[in-house]
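# Understanding the architecture of this molecule
Letter by letter, the chains look like this.
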Amino acid sequence: MLILRCIEIMIHISEQLLCEASTVYKYIQEDGSNRGTYGKLVCTNFKIAFLDDDSTSDDNEPQLKNKIIGENDITLQCVDQIYGVYDEKKKLLTGQLRKYPEKLIIYCKDLRVFNFCLRYTKEEEVKRIVSGIIHHSQTPKLLKRLFLFSYASAAPNNTDGRNQTVMFDTLEDWRDELERTKGNVQYKAVSTNEGYKVSEKLPLYFVVPICVSEESILKYEGRGIPIWCWSCHNGAALLKMSAFPKEQDDSTSQMQKAFLDGIYRTIRKPPYELLKTDDLSSSLPSLQEIQTAYTRFKQLFLIDNSTDFWATDVKWFSLLESTNWLEIIRRVLKKAIEVVECLERQHTNVLLIEESATDLCCVISSLVQVMMDSYSRTKLGFQSLIQKEWVIGGHGFLDRCNHLHKSDKEEAPVFLLLLNCVWQLVQQYPPAFEFTETYLTVLSDSLYVPIFSTFFFNSQHQKDTTTTGESLKTQSSPFRFLTVWDWSVQFDLKAQAFLNNPLYAEKPKPEKSQRKTARFKHQRQLSLPLTQTKSSPKRGFFREETDHLIKNILGKRIGKFINSSDEPPNSFREFYDSWHSKPVDYHGLLLPRIDGPEIKVWAQRYLRWIPEAQLHGGGTIATAAKILDLMKEVQNLQVKMDEEHSQAVSGDIHAVPMLRSSARLSSLFPFALLQRQSVKPALPTSTWKDLEDEDDLVKRDDEFVDLSSDVL
Amino acid sequence: MDMRNLRFALKQEGHSRRDIFEVLTKHAFPQSHNLNTYIYVSAKLWVLYNVLQGLPNERWRVTFINEHYGLCDTYPSLLVVPYNATDDDLKKVAAFRSRNRIPVLSWIHPENQAVIMRCSQPLVGMSGKRNKDDERYLDIIREANGQISKLTIYDARPNVNAVANKATGGGYESEDAYPNAELFFLDIHNIHVMRESLKKLKDIVYPNVEESHWLSSLESTHWLEHIKLVLTGAIQVADKVSSGRSSVLVHCSDGWDRTAQLTSLAMLMLDSYYRTIEGFEVLVQKEWISFGHKFASRIGHGDKNHADADRSPIFLQFIDCVWQMSKQVFYKVRPFQLLLLIILQVNQISNPGMLLSNDQPNPVEQRYMELLALRDDYMRRLEELQITNNSKIPNSSASSTSPSQMMSQVQTHF
């Protein structure tokens, strides 16, 4: 029976059972006592899973059911840390063990916490399962040993292409994007990197200014070359560039300087002769700081029991602040607004500079596009954006997520930082986004699902070489990787509905004939200045601007000084304030509010497994549910109207059932499960120590009246 | 007072400035200048509501003992008391309660008949005085519910403050004297602590919010912590009455600040009527105005003495609690939130003309309103269609009922 169920839980024939243990007690700590169930703990090459002995408890099924990962499944990549409990003391488990713990606590990257008691399990099995879990989830791995490959080599052949998300792995995709943003006037898609002869870090195809030659791209492996991200409606473009590493050798740096000089002399782009550079490695927190902040931040949500929850609750705000995570989000959003201001108001090209141009460059460029380009706020648009800036753009997902446990130093939640920033926008302007916060949450969870290739490579080159090499050796058909954008792999249609925002105010589409003429007009307008541009006398780049740029790239320390001194502080504030004083156009520019009170904690992602933090029948979800109900009702009425209109047969009209489940949804819907039943608020009584300076106030009575004189 | 500070730049034209200042101060602080203020005369709506609730009944009666404010000048003229307590009993109890504020009924649970009573502290004093009538009266209250378990008394103050009050003749119900009652302290601080807390809160939001350290400065004001304590106290009261099926007695020192907060919030939690606009107005009228919350001195209407120790944002704190609740749980009803804002502003500027500011409409609610309008439009058109269709085909009856069903369902929802 159990063996049968084991097979049942395997998602795929390529999943292999590695070790198992029976009579494991999975429990939840609650007011000192434990509640839980017995079952079997198994570890496969894909996941760690707990199989309930009592398989009938299906009534508590989550609303948003993942087809691949069940409620009690943890993919090996999702395991964050494993603790063992020895005589009520917690100890971090890594590598070889001499003594085996009585209890196992698994902290997951999606912030779930699992408690397993092994006291009733056979010693043999304890040894096997504990060392198995630690070995498979915590020790360094080879890329090829990822489940991704075993899965893909025998992948079901049912992937119907790549849906409509633009993948940016062909020259065509880049050309289309150039055309969409009207960037094709000054920029061109190049195939110089075919066969990765320029650099393994760059994608096969990318876009550069029209006047940049192939030789210069090849010269320093693509370093020092401005790479196009996106063009704004007024023609100003957002560019990124990977900087030269600091050179000790004077002559080398002289040569690099000359090279950059040349590059800037060639990219003269009237009428935009101004270019603003922004060295992100000096103007934003370092990856190290981001990682430290997030590690502290997530600790607040990895809660063992309800006592811990109420203990942190008392000092919640200062704890939150001390992590610095929200402050980092604020700084990143602020930087993005600064870039938007340059593009939008000053009509200036902006060049983002970073060592590799694949971390904070991705965050800022993606955010700028989400704010300025309403297409990026649709589901397809956002997915294409992630594909363009991150997946093809060469963000090192494998290293940054530390999927292989190669080096902790490389780990940094850069992509999560972007999702957190986008969430701030989503919650501030719900009608502007086609997707919901649930979409962002499941997207962040998908980072740890080794079935999709999307987040499991450092670059396009790595993906291409590993896959072609492997398939040549084995003579088998090439790997068929799945992309995360095919949501049907993880969710059925009902669950996918949670990813779509019912509040999204769709862009009113002009009539077909109108659109055509409008487009034609637009092109005509554009072509006029184009002819001028080409024939206009070449105007030099501002000397000081170039100097600034070079210093910035060559010596970051000098760059820092310049950056801090010439920043006009008021233009930003003015731009920000004036935008916020006007009514919001959900299809136009969108600027987030960044004052302290406006930056919030992404409750759905971070609090979803903590029952104490739920509101039943409350929160924003209650409003959304009500709107959904109403929309359904309107739809039904519409259907009925149509039926009435075409009244062919009478009496055949059936009432469409209404969605009435919304009565008491949890505020953490669709994730929340009722786990702990008794939720007692703790009175924060002993928190008055810091009020000592107001001691006399505390002791005073409301109004000082001597009542003893009243009596009698 | 509503967190706005207005500044006027006056032209340097000599004499006029002084005159304006004088006129302004005269009218802004009329009390200090012996001018009359407009006083709102309270309606007796809440008595009506008690009748709606099924009172009086065989256990509870309405007494006219305070008709000319003879028993207690800070209580309403009509009071609901246990049927088994005579007016004479009430007078004797009054002697043992601070400012004669005897335990009277605020709310009765429609099903389990448990009640929320409110009063002021007992006059125990240093010597630990006892009063047989008061002890018996509390027992009558307990029995009115047919209750065998102990009567629950919530003292809103922190334990230390309640003890300290003995020095001035006050105190709390001791276990010895009231064996049939159990007492809990809710640790809500006094009006002075609240005043200082709000002052600090104002400092961090005015004139503008500091860029960084928002969270820790917010925490250091303790304002939200106080809000939490008040809400936690109210939850305990409501929980005791509904799940614990026990009658409760709530008091603080005088029973017009913290007590009013607790009883009205608990009632808001227990009774959906109070969550309607009409019901909320009744609630404020009853628990605050008629039971003698000192609006004038707490807010300092017309008084220029800003340092007055009687001032405290107790009502504001209550409204904040209600806002927290409406944000968290209740049907998101914008009119309701607006009402809160209006009440606050009316409270503070006695000029209702200059009420609402440039608040942008919430997009979510806007969408909601659009949908509502769309639905109504569809329903109307559908009805018209059906009428015309029905005249053509006499048999089509199946669909005609569904719109009205929807209507009723929607009305109960909102």
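In this numbering scheme, every chain counts its residues from 1 along its sequence in written order. Naming scheme: in the order in which they are written, chains are lettered from A and ligands are numbered from 1. Whole-chain, interface and lining totals are the exception, using all residues; otherwise, since this is a predicted model, local features are given only for residues with pLDDT of at least 70 and side-chain atom pairs are given and counted only at 80 or more. Excluded from the side-chain calculations are hydrogens and water; all other atoms, namely the structure's heavy atoms, are used.

## What to know about the environment of Gln386 of chain B
Secondary structure elements follow DSSP: runs of H or I of four or more residues count as helices, runs of E of two or more count as strands, with numbering from the N terminus. Mapping Gln386 of chain B onto the fold places it in helix 14 (residues 363-392). Since its relative accessible area comes to 5%, Gln386 of chain B is described here as buried. A simple rule labels every residue: compare its accessible area, found with a 1.4 Å probe on the protein chains alone, to the largest value its type can have, and call it buried under 20%, exposed over 50%, or partly exposed in between.

## A look at the sheet that holds strand 3 (residues 104-108) of chain B
Residues and elements named next belong to chain B. By this definition, two strands are paired if DSSP reports at least two bridges between them. The five strands lie next to each other as 3-4-7-5-6, forming an open sheet whose pairing is mixed. Looking at the sheet topology across the chains shown, the edges are occupied by strand 3 and strand 6 (181-185). Ignoring which end each strand starts from, the neighbouring axes of this sheet average 25 degrees apart. Pairing of strand 5 (residues 151-155) with strand 6 involves five bridges; the strand directions are parallel. Along strand 6, the bridge assignment pairs Asp155 with Phe185. Taken strand by strand, helix 4 (residues 132-144) contacts strand 4 (115-119), strand 5 and strand 7 (248-251), and its axis lies near 120 degrees from that of strand 5. Across the sheet, helix 9 (residues 258-270) is in contact with strand 3, strand 4 and strand 7; its angle to strand 4 comes to roughly 165 degrees. In this analysis, axes come from line fits to C-alpha atoms, helices being fitted only over the stretch in contact, and the angle between any two N-to-C directions falls in the range 0 to 180 degrees. Residues count as neighbours in contact if any of their non-hydrogen atoms are within 4.5 Å of one another.

## Things to note about the packing of aromatic side chains
Residue and element names in this part refer to chain A. Stacked, tilted and edge-to-face are the three classes assigned to paired rings of Phe, Tyr and Trp, where Trp is represented by its six-membered ring and a pair needs centres within 6.5 Å; plane angles under 30 degrees give stacked, over 60 edge-to-face, the rest tilted. For the coordinates displayed, the defined rule picks out 48 aromatic pairs over all chains. Ring plane angle 70 degrees and centroid distance 5.8 Å describe the contact between Tyr38 and Tyr120, whose orientation is recorded as edge-to-face. Taken together, the positions of Tyr38 in strand 2 (residues 33-44) and Tyr120 in the loop between strand 8 (113-117) and helix 2 (123-138) put the pair 82 residues apart, joining distant regions of the chain. Among the residues examined, Tyr38 registers a relative accessible area of 36% and is labelled partly exposed. Centroid distance Trp390 to Phe397: 6.3 Å. Interplanar angle 40 degrees. Geometry classified as tilted.

## Quick look at the pairing of strand 13 (residues 275-279) of chain A
Residue and element names in this part refer to chain A. With four of its five residues buried, strand 13 lies for the most part within the structure. In the sheet, strand 13 pairs with strand 14 (residues 349-354) via five bridges, with the strands oriented parallel. Along strand 14, the bridge assignment pairs Asp278 with Leu352.

## Here we look at the pattern of salt bridges
Put simply, a salt bridge is a Lys or Arg side-chain nitrogen that is within 4 Å of an Asp or Glu carboxyl oxygen. Scanning the model with the defined rule gives 42 salt bridges over all chains in all. For the salt bridge of Lys228 of chain B with Asp313 of chain A, the shortest nitrogen-to-oxygen distance reads 2.2 Å. Taken as a pair, Lys228 of chain B in helix 8 (residues 223-242) and Asp313 of chain A in helix 9 (residues 306-314) lie in two separate chains rather than in one. If you follow the salt bridges from partner to partner, you end up with Glu177, Arg180, Asp373 and Lys388 of chain A in one network.

## Here's the deal with the sheet that holds strand 12 (residues 237-242) of chain A
Residues and elements named next belong to chain A. The sheet built from four strands is open, its strands ordered 11-12-14-13 with mixed pairing. Strand pairing shows two members of the sheet lacking a second neighbour, strand 11 (227-231) and strand 13, which therefore form its edges. Going across the sheet, the axis of each strand differs from the next one's by a mean of 25 degrees, ignoring polarity. Strands in contact with helix 11 (residues 325-344) are strand 12, strand 13 and strand 14; relative to strand 14, the strand with the most contacts, it is inclined by about 145 degrees. Packed on one face of the sheet, helix 12 (residues 360-372) meets strand 11, strand 12 and strand 14 and runs near 150 degrees to strand 14.

The analysis is restricted to geometry; functional conclusions fall outside its scope.
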